[in-house]
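# Descriptive structure summary
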Amino acid sequence: MPASFPPELCDQIIDYLWDDLESLRACSLTCHDWLPSSRFHLFRSIRLRHADDVSRFRALLISSPSVAHCVRKLAFSADYDGATSDDTPREGDTWVDGAVDLLPLLTNVVSLTLTRVRWHALSEETRAAFATVSTSVQQLFLFEVSFAASRDVITFLSAFPALRNLYFQAVSWTHDSPSPFDEDLVAPEPEAADPGRMQLSYLVLDSKSSPTLVVEWLLRRPEEPRLQTIQLCWHDLADTKPLGDLLRASGASLESLQVEFPSDAPFDPSHPERADGDGAGALTVHVNLAHNPSLRALHFV
């Protein structure tokens, strides 16, 4: 290859291969100058599914410590380990504690995914190690994650000061805390983080996740939520004030709104003049889209 061939052009060509693992591996072995760009894409996304994955990833970081700085997307995807005697799925997430020493090394993670992880079952050391990753995370995906109490959910979410996108799917907790928003129950944000930095723009709460807790948490943040996209299922038609407050706080930033109501709700959102019942009346009083002039997509399900 001519010595005058621009290295930045090589980097751009390798960038086009970002999803072609075989080609990236070949490029990484071609010459030393191609290694950084190839490695950046090869290890940009790491998914750990069991203890063997953790062991292999640890061995990789020991042999090549610089790989840790390449990781941008990190996923812990546990699976069920059979079933109990009463056919209840048995969680298989105990291996997550084995990654406690790896988490502090991953300082550039911007996307974190937890799947079928019992947060309350993790060791105290592991939960603390996740806090070292959370300060840089902008996208948070939670699938079938369980907590002991509602205040634990608030404590967990408050550890992500740079959060932009939040996805909840079948997130649950065993019991509701009497006062989940008491200051002494919510963990303080890391000293290095600016508590005003969080500016969530994308919020998705599926039908199996109670939206009220998350919405109230957002409304209690020191900065006003300026969401661009909201997608959620609102279960309690008798208490729609938090939903209305969230829409009002989002103001002109909101561009896309999708709200799913209970199938047995005595109300057709597309025809508010037909409202009947206390829940429907509360909805028409509290939900006012006049505060959202930039709304481009609207779906009531």
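Everything here concerns the structure above.
Basis of the calculations
Numbers given for residues are sequential positions, taken from 1 along each chain in its written order. Per-residue local features of the predicted model are confined to residues with pLDDT of at least 70, and side-chain atom pairs are confined, for both listing and counting, to 80 or more; whole-chain, interface and lining totals are unaffected and use all residues. In computing side-chain values, all of the structure's heavy atoms are included and hydrogens and water are not. A helix here means a DSSP run of H or I that spans at least four residues, while a strand means a run of E at least two residues long, and both kinds are numbered starting from the N terminus. Burial classes: relative accessible area under 20% of the type maximum marks a residue as buried, over 50% as exposed, and values in between as partly exposed (1.4 Å probe, protein chains only). When checking whether two residues touch, look at their non-hydrogen atoms; a contact exists if any pair is within 4.5 Å. Salt-bridge detection follows one rule: a side-chain nitrogen of Lys or Arg within 4 Å of a carboxyl oxygen of Asp or Glu. Each pair of strands is called paired provided DSSP finds at least two bridges between the two strands. In this analysis, axes come from line fits to C-alpha atoms, helices being fitted only over the stretch in contact, and the angle between any two N-to-C directions falls in the range 0 to 180 degrees. Nonpolar cores were defined as sets of buried Ala, Val, Leu, Ile, Met, Phe, Trp, Tyr and Cys residues, with membership established by side-chain atoms within 4.5 Å. A cavity, in this analysis, means grid points on a 1 Å lattice covering only the protein atoms where a 1.4 Å probe fits yet has no way out; a pocket is instead an open set bounded by protein on both sides within 12 Å along at least five of seven lines, and a residue lines either one if it has an atom within 4 Å of a point. Grid points are joined across faces, edges and corners, and a volume is the space filled by probe spheres set on the points. Side-chain classes are defined by residue name, with Ala, Val, Leu, Ile, Met, Phe, Trp, Tyr, Cys and Pro counting as nonpolar, Asp, Glu, Lys and Arg as charged, and the others, Gly among them, as polar. With respect to orientation, any angle under 35 degrees is reported as roughly parallel, any angle over 145 as roughly antiparallel, any angle of 65 to 115 as roughly perpendicular, and every other angle as oblique. Definitions for this section: a left-handed crossing has its near helix turned counterclockwise from the far helix by less than a right angle. A right-handed crossing has that turn clockwise. Definition of a polar contact: a pair of N or O atoms within 3.5 Å, with one able to donate and the other able to accept a hydrogen when the atoms are protein atoms, and with sequence-neighbouring residues admitted only if both atoms are side-chain atoms. Only Phe, Tyr and Trp rings take part, Trp by its six-membered ring, and two of them pair if their centres are within 6.5 Å. Stacked means planes under 30 degrees apart, edge-to-face means over 60, and tilted covers everything else.

## Structural notes on unusual backbone geometry
Backbone geometry at Arg116 places phi at a positive 55°, although glycine is not the residue there. Checked against the element boundaries, Arg116 lands in the loop between strand 5 (111-115) and helix 5 (124-134). Positive phi outside glycine occurs at Glu144, with the angle close to 55°. Mapped onto the fold, Glu144 is located in the loop between strand 6 (139-143) and strand 7 (146-149).

## Details of helix 7 (residues 211-219)
Considered for burial, the residues of helix 7 that qualify are Pro211, Leu213, Val214, Val215, Trp217 and Leu218. Looking at the buried side of helix 7, the elements it contacts are helix 6 (150-157), strand 8 (165-169), strand 9 (172-175), strand 10 (202-205), strand 11 (229-233) and helix 8 (241-250).

## Re the pattern of salt bridges
In total, this model carries eight salt bridges according to the counting rule given. The salt bridge involving Arg58 is made with Asp101; its shortest N-O contact spans 2.9 Å. Of the two residues, Arg58 is situated in helix 4 (residues 51-63) and Asp101 in the loop between strand 4 (89-92) and strand 5; the sequence distance between them amounts to 43 residues. In this structure, Arg116 and Asp79 form a salt bridge, with 3.8 Å as the shortest nitrogen-oxygen distance. Pair noted here: Arg116 is in the loop between strand 5 and helix 5 and Asp79 is in strand 3 (residues 79-83), with a separation of 37 residues, a long-range link. Judged by relative accessible area, which is 49%, Asp79 ranks as partly exposed. Among the charged side chains, a network of salt bridges with common partners joins Arg49, Asp53 and Arg56.

## Focus: the environment of Gln228
For Gln228, the location among the structural elements is in the loop between helix 7 and strand 11. Taking the C-alpha atoms as reference points, Gln228 and Leu254, separated by 26 residues in sequence, lie 4.1 Å from one another. What Gln228 contacts, discounting residues up to four positions off in sequence, is Ser201, Ser253, Leu254, Glu255 and Ser256.

## Brief notes about the sheet that holds strand 10
Strand pairs in the sheet, formed through backbone hydrogen bonds, run parallel or antiparallel to each other. Taking strand neighbours across the sheet as the criterion, the nine strands line up as 1-2-5-6-8-10-11-12-13 in an open arrangement whose pairing is parallel. Bordering the open sheet on either side are strand 1 (45-48) and strand 13 (297-300), each of which pairs with just one other strand. Shown here is a sheet whose adjacent strand axes are inclined to one another by a mean of 5°, direction ignored. Relative to strand 13, strand 12 (residues 256-260) is paired through four bridges, and the arrangement is parallel. Its bridge partner lying in strand 13, Leu257 is registered against Leu298.

## Some details on the nonpolar core
It is characteristic of soluble globular proteins that their nonpolar side chains tend to be buried jointly. In terms of nonpolar packing, the biggest core is built from 67 residues, with Phe76, Leu114 and Leu166 touching the most fellow members. For this core, the leading source of residues is helix 7, giving five residues. Discounting residues that sit within four places of it in the chain, Leu166 has contacts with Leu140, Leu157, Leu200, Tyr202, Leu203, Val204, Val214 and Trp217.

## A look at empty space enclosed by the protein
This model, assessed by the stated rule, comprises one cavity of 30 Å³ or more. As for the largest cavity, its lining consists of Met198, Gln199, Leu200, Leu218, Arg221, Glu223, Glu224 and Pro225. Classifying every residue of the lining of the largest cavity gives four nonpolar, one polar and three charged.

## Focus: the layout of surface pockets
Of the voids in this model, the largest pocket is the one considered here, and its volume is about 520 Å³. In terms of lining residues, the largest pocket is bounded by 17 residues, among which Leu42, Phe43, Ser45, Ile46 and Arg47 are the most central. Those elements giving two or more residues to the lining of the largest pocket turn out to be helix 2 (21-30), helix 3 (35-42), strand 1 and helix 4. Here the lining of the largest pocket is built from residues that sort into eight nonpolar, two polar and seven charged.

## Focus: the packing of helix 6 against helix 7
At a closest axis distance of 11 Å, the pairing of helix 6 and helix 7 adopts a crossing angle of 45°. As summarised for this structure, helix 6 and helix 7 are arranged oblique, according to the angle between their axes. You can see that helix 6 and helix 7 cross each other, and the crossing is right-handed. Taken together, the residues of helix 7 that come into contact with helix 6 (itself represented by Ser150, Val153, Ile154 and Leu157) are Leu213, Val214 and Trp217. Here the contact of helix 6 with helix 7 is composed, by residue class, of six nonpolar, one polar and no charged.

## Quick notes on the environment of Pro36
By the secondary structure assignment, Pro36 is in helix 3. Sequence separation between Pro36 and Cys70 is 34 residues, and the spatial gap between their C-alpha atoms is 9.2 Å.

## Remarks on the environment of Asp101
By relative accessible area, Asp101 is classed as partly exposed at 40%. Side chain to side chain, Asp101 and Arg58 meet in a polar contact 2.9 Å long.

## Remarks on the packing of aromatic side chains
One pass over the full model with this rule turns up nine aromatic pairs. Taken together, a centroid distance of 4.7 Å and an interplanar angle of 70° make the contact between Trp119 and Phe156 edge-to-face. With a gap of 37 residues between them, Trp119 in the loop between strand 5 and helix 5 and Phe156 in helix 6 connect regions that are remote in the sequence. As far as the burial class goes, Trp119 and Phe156 line up, both buried. Between Phe141 and Phe143 the ring centres are 6.4 Å apart and the planes differ by 15°, which places this aromatic pair in the stacked class. On the accessibility criterion, Phe143 (25% relative accessible area) is partly exposed.

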